[in-house]
Amino acid sequence: MSLTEPMVDAISDFPAGTIQNLPTQLTSLIGRECEIAAVCALLERKEVRLLTLSGTGGIGKTRLGIEVAARLFETFTDGVAFVPLAPIIHPGLVLLTIKQTLGLLQPLRGQSTRHIDDLKTFLRDRHMLLVLDNFEQVLAAVPAITDLLLACPDLKVLVTSRAVLHVQGEYEFIVPPLALPRWTHLPAIEALTQYASVALFLERALAIKPDLSLTKANMQAIATICVNLEGIPLAIELAAARVKLLPPQALLRQLTKTRRFEILTGGTRDAPERQQTLRNTLAWSYNLLDQTEQQLFRLISIFVGGCTLEAIESISETMIGEAEPVLDTLAALIDKSLLHQSEEEGEEVRFVMLETVREYGLDCLHTCGEDEAAWQSLAAYFLALAEQAEPQYAGSEQAAWLQLLEQEHENMRAVLHWLLIQGEAGRGMTMALRLGAALKNFWAIRGPYREGRVFLERALAVREGVAPAIQAKALLTAASLAFLQSDFNVAEAYCQESLQLFRELEDRTGIAYALYLLSWVARDDITIDIALAEEALALFREIGDREYIAWSLYTLGYLDYLRGAYENAFRLIEESIVLQKELGNTRGVAHGLITMARIHIAAHRDLARADAYLAKGVPLLKKLDDQVGFASTGVLRAQLALYRGDAAQARLLLEETLILYKKIGSQEGMIFANYYLARAANALDDDATACAFYRESLAIARKLNMKECIAACLEGLADVSAIRGRYERAACLRGTAEVLREAVHIPIPLIDRASFECSLDCIRAHLGEHTFTTLRSLGRTMTPEQVLALQDEEIALSSSSATTTPLPDYPAGLTEREVQVLRLVARGLTNREIAEELGLSKKTIAHHMTHIFNRTTSENRSAAVAFAFRHGLI
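Read on for a plain summary of the structure. (Residues numbered from 1 in each chain as written. Predicted model: local features only at pLDDT ≥ 70, side-chain atom pairs only at ≥ 80, totals over all residues. Heavy atoms only, no water.)

**Re the overall build of the protein chain**
Counting secondary structure elements, the protein chain contains 44 helices and nine strands. Reported as C-alpha extents along the three principal axes, the dimensions of the protein chain are approximately 125 × 70 × 50 Å. Taken across its 874 residues, the protein chain has 55% of its residues classed as buried. Within the protein chain, residue pairs in contact and separated by at least 24 positions form 69% of the contacts whose partners lie at least 6 positions apart. (Helix = DSSP H or I, 4+ residues; strand = E, 2+ residues; numbered from the N terminus. Buried < 20%, exposed > 50% of the residue type's maximum accessible area, 1.4 Å probe, protein only. Contact = heavy atoms within 4.5 Å.)

In structure tokens, the structure reads:
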């Protein structure tokens, strides 16, 4: 019997009812309601005849297709048919498989030339949906499917494929990953379960381990696992299968330190082999690529966080040895769901891989022995890019170059790490130090400071054989970053070493840069700083470096502001701004305007003028995303609010600013934020909180040996002491502060002098002239450590004075306010309820909670309460 004769009989004998052969699903589909609705809506449109569900392996295309078909079953008069194509690899077998699925053929025993005709005959008058699953390996069969659609007007085809079909009339729906948690602070357990990725993990995990404990720590680990796995359903299911062996937190640690392919194995036995491990899923896609596509896929996997077309072309040319057109190959990788485009308004198109796909590509790169050459090419490309950007920071293209480097930050970080490892292995540190030095301005403006500094310090530790000029420049960059972290002693040491190398090289430009930076980091005496800045300015004038002439003028103006020479500060800053505008240096103009506002405040000039300068400067900072500038404007806006009597607004601004300073790693900024938070608390008659913030600011200032800041904090603590009736201590604190200010030649800002004198007169009036003078003189003989030790001793003592409110010496350095908060925590109050109880903001309570956790070494609220019980605080 031939194959053709029974076919006719099978067609004629086929039941008239509807067809429905969708696979039975033993688990629920989670988190796809929006996608199901969108795909159903597309298929219900008359003009949509062919719809492709595309996406990377494991994203859930098949599962979505089955669910859509089930939902639309009653929509199609003659039903739906699910055609699994994964088992076949020859395009010629696609029509046979469809016929077999429809019951038009017994199990395949041969081939026929009449398959298309038979299908047309059967489907021509039927209103039906065909689901063709896993079409990516039989793409050559696309013309036959198109032919079938043309002949059968009521037929619709839903295709699942890792590659789009590229035929007329095709609609594409890209299946996205499952929804992922996006949080700053961890939400409640109930909130986390609303994310589809987390819900999927939980359902699969609880199915095999019903007693899984859903603690906050476990839920945080599960959420982080889902984020790390990028919401890919297959990866999440494979991870969930591991909870029988590894609790969530242990599983997260393994995924973090081990390549995910070694963990994500052991899928269900009834799953196709390609879906039983994550590696098999990706290998299936990789093996469908031709040789050229595989090579480009491997090369692109080396990029972190995506890349531009220019970068791909550069590394491809270097690796292949000649310029090869890559657009068609890129398009093929995108079509096959191994790569996707990311484009934002005004930015260049970037090509991005899911991290899971990228990790597989890196494995392939290593297997082919291409990884070292590829990394070398990548390093050369990004070094050239960074050095090309370096001179642009002073001009009108400053913002564009900063944005470009921001986009490439992850790539830069990866290259820096690779170069560091190579250098520490004895292969030379020249490229590493060149790249680190070239990124100085990027790190200084965008941060994080610590990243750049740690890298440079490691690279500088192994710099033997590196040219002195490269060493000197890298030392100057390390000094700059140490300065921005307020590590002045280290910054000065790097500067001096750099200066010595530049002098030996007779490099006047380098000498000028080193002197300029020294004028900022040498903090013992402001008159020395001014001399260094003037020497640097003279050299820059000789060299003709207009950018640093402008910055030196700015520096001298800032130093004059600190020493109270306000008129001269105005003149110098204005001159700097004019020059920066001529250069097109947006950052220089912005910082000049912000400092003009600062001077107007300090000199007790028109506060409205300060507002006007801020209004001009802030948009420029936003244009550059200048984190340092944003933070400094936060402090200034808080000062303006304080001087206008709005202490509550000042407090809110400073809480936000303190978070930003902590993020970028500026300890000096944290001093100012805490100092003005103390002043805001004082203005709100909360002397306990004021004392806590003064102590916080003072601790950092003492560590950095910033004498003017130590003096300001001692003056603030003197005011708190006076409010509490401890006038003897207040007089001593004032005396110590005076000596510190005289040593650095930095007076109290003019705007604060009236209130300072008023407070001093109050202390004098309560003590009497003789006692006041004696105690003030005693304070002048004491170091900050001595006067603070005296203060701490007095705080621990009880006082019989009715006007005195003693502060107990609490364990772990807890402040009175923190103990108050901790007691409310023990009562079960939330942060919001505590804020309402104390009349503070939720951010302030969160700040206190952070300090409580750190000081008591507690991981959570329960542990902190336990600490309170152990130490008798409750």
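**Quick look at the pattern of salt bridges**
Under the criterion given, the structure shown has 41 salt bridges. With a shortest N-O distance of 2.6 Å, D560 and R563 are connected by a salt bridge. (Salt bridge = Lys/Arg side-chain N within 4 Å of Asp/Glu carboxyl O.)

**Examining helix 33 (residues 647-664)**
Taking 1.5 Å per residue, 18 residues should reach 26 Å; helix 33 reaches 25 Å between its end C-alpha atoms and fits that length. Among all positions of helix 33, only A647, A650, R651, L653, L654, E655, T657, L658, L660, Y661 and I664 are buried. Downstream of helix 33 by a residue or two, G665 has a phi angle that is positive, lying close to 85 degrees. (Expected span 1.5 Å × (residues − 1).)

**Focus on the state of the cysteines**
Enumeration over the complete set of coordinates arrives at zero disulfides. C709 provides the cysteine sulfur closest to C495, a residue in no disulfide bond, and the two sulfurs are 19 Å apart. In this structure C758 is not part of a disulfide, and its nearest cysteine sulfur, from C762, lies 7.1 Å away. Take C758: its relative accessible area is 53%, and that puts it in the exposed class. (Disulfide = S-S within 2.5 Å.)

**As for the packing of aromatic side chains**
Overall, the coordinates contain 18 aromatic pairs when judged by the stated rule. With 5.0 Å between their ring centres and 80 degrees between their planes, Y381 and F382 make a pair best called edge-to-face. Grouping residues by exposure puts Y381 and F382 together as buried. Taken together, the aromatic side chains of F483, F488, W520, W551, Y554, Y558 and Y561 make up a single cluster linked through ring pairs. (Phe/Tyr/Trp six-rings, centres within 6.5 Å; stacked < 30°, edge-to-face > 60°.)

**Brief notes about the packing of helix 35 (residues 687-704) against helix 36 (residues 707-723)**
Contact geometry for helix 35 and helix 36: axes closest at 9 Å, N-to-C directions at 160 degrees. Regarding the angle of helix 35 to helix 36, the classification is roughly antiparallel. Relative to helix 36, the crossing made by helix 35 is left-handed. In contact with D687, A690, C691, Y694, S697, L698, A701 and R702 of helix 35, helix 36 contributes C709, I710, C713, L714, G716, L717 and V720. Tallied by class, residues from the contact of helix 35 with helix 36 come to 11 nonpolar, two polar and two charged. (Axes fitted to C-alpha atoms, helices over the stretch in contact; angles between N-to-C directions. Parallel < 35°, antiparallel > 145°, perpendicular 65-115°, else oblique. Left-handed = near helix turned anticlockwise from the far one by under 90°. Nonpolar A, V, L, I, M, F, W, Y, C, P; charged D, E, K, R; others polar.)

**Some points on the sheet that holds strand 8 (residues 340-342)**
One open sheet accounts for three strands, arranged 7-9-8; its pairing is antiparallel. Each edge of the open sheet carries a strand with a single partner, namely strand 7 (307-308) and strand 8. (Pairing = 2+ DSSP bridges.)

**Comments concerning helix 44 (residues 861-870)**
Every buried residue of helix 44 is accounted for by A864, V865, F867 and A868. Buried residues of helix 44, viewed axially, fall in a sector of 155 degrees; they line one side. For helix 44, the exposed residues set more than 90 degrees away from the buried face come down to S862, F869 and R870. Positioned one or two residues after helix 44, G872 has a phi angle of 70 degrees, which is positive. (Arc of directions from axis to C-beta.)

**Quick look at a negative patch on the surface**
Among the surface-exposed residues, E310, E313, E317 and E348 lie close enough to one another that they form a single negatively charged patch. Looking at where E310 falls in the secondary structure, it is placed in helix 15 (residues 309-320). Under the relative-accessibility criterion, E310 is labelled partly exposed at 47%. (Patch = residues over 30% accessible without salt bridge, like charges linked within 9 Å, V, L, I, M, F, W, Y side chains within 5 Å. Areas by Shrake-Rupley, 256 points an atom, 1.4 Å probe, with all protein chains shown as cover. Lys, Arg positive; Asp, Glu negative; His and termini not counted. Charge placed at Lys NZ, Arg CZ, Asp CG, Glu CD.)

**A word on the sheet that holds strand 2 (residues 50-54)**
The six strands are arranged 1-3-4-5-2-6 in an open sheet whose pairing can be described as parallel. Looking at strand neighbours, the two that pair on one side only are strand 1 (19-20) and strand 6 (170-174), the edges of this open sheet. One ladder, built from five bridges, connects strand 3 (residues 79-84) with strand 4 (residues 128-133); its direction is parallel. Within strand 4, the residue paired with V83 across the bridge is L132.

In short, geometric facts, not functional conclusions.
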